[in-house]
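Close look at the chain arrangement
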Amino acid sequence: MRAGVRDGARCRPRDGPNASIVFVPAPFAADAIVGAHAAGLGVVVAITEGIPIGDMVLVGCVVCLTPCRLIGPNCPGLISPGRHQVGIRPGETCSPGPVGVISRSGTLTCEIADGLARAGLGQTTCVGVGGDPNLSTTVLDLLPLFDADAERRAVVLTGEICGSAEEDAAAFIAERMTKPVVDCIGGRAAPPGKRMGRTGTIVSGRMRTAQANVAALEAAGVADAEAPPKVSRLVAKALAASAQGAEKCRDSLREEPTCT
């Protein structure tokens, strides 16, 4: 990894970047990630799929000790419409707005972002966390960040079958999330026991159906969109309910008698 560290440290003073995107083949990707880290970059997006697990363990040990945020690997990246994009997501499907999108499925997110934009409900940020087994940033890492952002009024969670991401998200949402969440879970038509082909799914070996993930999220108060076209309608409904709740709160404060 020494070449990556040397190259990253050399490019930083000259060009002044603050983010890096990694496309290099899997055997060399860890070098590139560590090089970007050594350059002091705040965000590194790893598009590369199938980086050896041993390499990612070493990368994780380096990155976790610093403020560097690694997205991926095997992810489409992130976009804040009208501000910046680091990744391969089609920018024309997005527009600025109050909705944050966290995704395990890059394809579904493109369709959902387009639907939100057409409904006049753009996005603050869309993040694809990736599909490899050793993800540096998970859905559970992003939820508190999205909840704390004052510009973000609702969150859309795009999930899949298998793994524990949705189950972990449901526990956090039930206990700590203050903003409305809408989910769209892919794989509902998968036959029982079907093993999906994503690397993370195969390695984790945890078989959960889409229905089980939906049930866990609904129990946490998440509105379930059975298909991508329904997401924008549920988000609009959640935003309207949230606005009405805020207005009622303001009215109660205005009506509260003052002490004399």
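Throughout, residues of each chain are indexed from 1 in the direction in which the sequence is written. Local features in this predicted model are restricted to residues whose pLDDT is 70 or higher, and side-chain atom pairs enter the listing and the counts only when it is 80 or higher, whereas totals over whole chains, interfaces and linings include all residues. Hydrogens are left out, water is left out, and the side-chain values use all remaining heavy atoms of the structure.

1. Observations regarding the overall build of the chain
Filter applied, for reference: Helix and strand definitions follow DSSP, with helices as H or I runs of at least four residues and strands as E runs of at least two, each counted in order from the N terminus. A simple rule labels every residue: compare its accessible area, found with a 1.4 Å probe on the protein chains alone, to the largest value its type can have, and call it buried under 20%, exposed over 50%, or partly exposed in between. A contact between two residues is defined here by any heavy atoms of the two lying within 4.5 Å.
Across its full length, the chain carries nine helices and 10 strands. Classification of the 260 residues of the chain by burial places 43% in the buried group. Restricting the contact set of the chain to residue pairs at least 6 apart, pairs at least 24 apart contribute 76%.

2. As for the packing of helix H2 (residues 26–38) against helix H3 (residues 53–63)
Definition in use: Axis angles are defined between N-to-C directions and span 0 to 180 degrees, where every axis is a line fitted to C-alpha atoms and, for a helix, only to the segment in contact. Any angle between 65 and 115 degrees counts as roughly perpendicular, while under 35 counts as roughly parallel, over 145 as roughly antiparallel, and the rest as oblique. Just so you know the grouping, Ala, Val, Leu, Ile, Met, Phe, Trp, Tyr, Cys and Pro go in nonpolar, Asp, Glu, Lys and Arg go in charged, and all remaining residues, Gly too, go in polar.
Where H2 meets H3, the closest approach of the two axes is 10 Å, and the angle between their N-to-C directions is 5°. Our classification of the angle between H2 and H3 gives roughly parallel. Side by side, H2 and H3 meet where Pro27, Ala30, Ile33, Val34 and His37 of the first sit next to Asp55, Met56, Val59, Val62 and Val63 of the second. Of the residues in the contact of H2 with H3, the class split is eight nonpolar, one polar and one charged.

3. Description of the nonpolar core
What counts, and what does not: Put simply, buried Ala, Val, Leu, Ile, Met, Phe, Trp, Tyr and Cys residues joined by side-chain atoms within 4.5 Å make one nonpolar core.
With 29 residues, the main nonpolar core has Ile102, Leu143 and Ile173 as its most contacted residues. Sorting the residues of this core by element identifies helix H5 (139–148), strand E8 (154–159), helix H6 (165–176), strand E9 (181–185) and helix H8 (210–219) as the ones contributing at least two each. Those residues in contact with Ile102 that lie beyond four places of it in its chain are Val127, Val129, Val139, Leu142, Leu143, Phe146, Val155, Val156, Leu157 and Thr158. By size, the runner-up hydrophobic cluster in this structure holds 17 residues, among which are Val99, Cys126, Val182 and Cys184.

4. Here we look at the side chain of Arg104
For the record, the criterion: Any N or O atom pair separated by 3.5 Å or less is treated as a polar contact, with the protein-specific requirement of one donor-capable and one acceptor-capable atom, and with residues adjacent in sequence counted only for side-chain atom pairs.
Turning to its location among the elements, Arg104 is positioned in the loop between strand E6 (96–103) and helix H4 (106–118). For Arg104, a relative accessible area of 14% translates into the label buried. Among the polar contacts listed, one links the side chain of Arg104 to the backbone oxygen of Glu160, at a separation of 3.4 Å.

5. Quick notes on the pattern of salt bridges
Definition in use: Salt-bridge detection follows one rule: a side-chain nitrogen of Lys or Arg within 4 Å of a carboxyl oxygen of Asp or Glu.
By the definition in use, this model includes six salt bridges. For the salt bridge of Glu166 with Arg104, the shortest nitrogen-to-oxygen distance reads 2.8 Å. Linking Glu166 in helix H6 with Arg104 in the loop between E6 and H4, this pair joins segments that are 62 residues apart in sequence. Classification of Glu166 by relative accessible area gives buried; the value is 2%. Between Lys230 and Glu226 there is a salt bridge, with the nearest N and O atoms lying 3.3 Å from each other.

6. Considerations on the sheet that holds strand E5 (residues 84–87)
Which entries qualify depends on this criterion: At least two bridges found by DSSP between two strands is the condition for calling them paired.
Strand order across the open sheet formed by seven strands is E5-E4-E7-E6-E8-E9-E10, with mixed pairing between neighbours. Edge positions in the open sheet fall to E5 and strand E10 (223–224), since each of these has one partner strand only. Pairing between strand E4 (residues 77–80) and E5: four bridges, direction antiparallel. Paired with Ser80 across the strands is His84, a residue of E5.

7. Some points on the sheet that holds strand E3 (residues 69–71)
Ordered in space as E1-E2-E3, the three strands form an open sheet in which the pairing is parallel. Both edges of this open sheet fall to strand E1 (19–22) and E3, since each of them pairs with a single strand only. The average angle at which neighbouring strand axes cross in this sheet is 15°, direction not considered. Bridge analysis of strand E2 (residues 43–46) against E3 gives three bridges, and the strand direction is parallel. By the bridge assignment for E3, Val43 is matched with Arg69. Relative to E1, H2 is tilted by about 180°, and along the sheet it contacts E1, E2 and E3.

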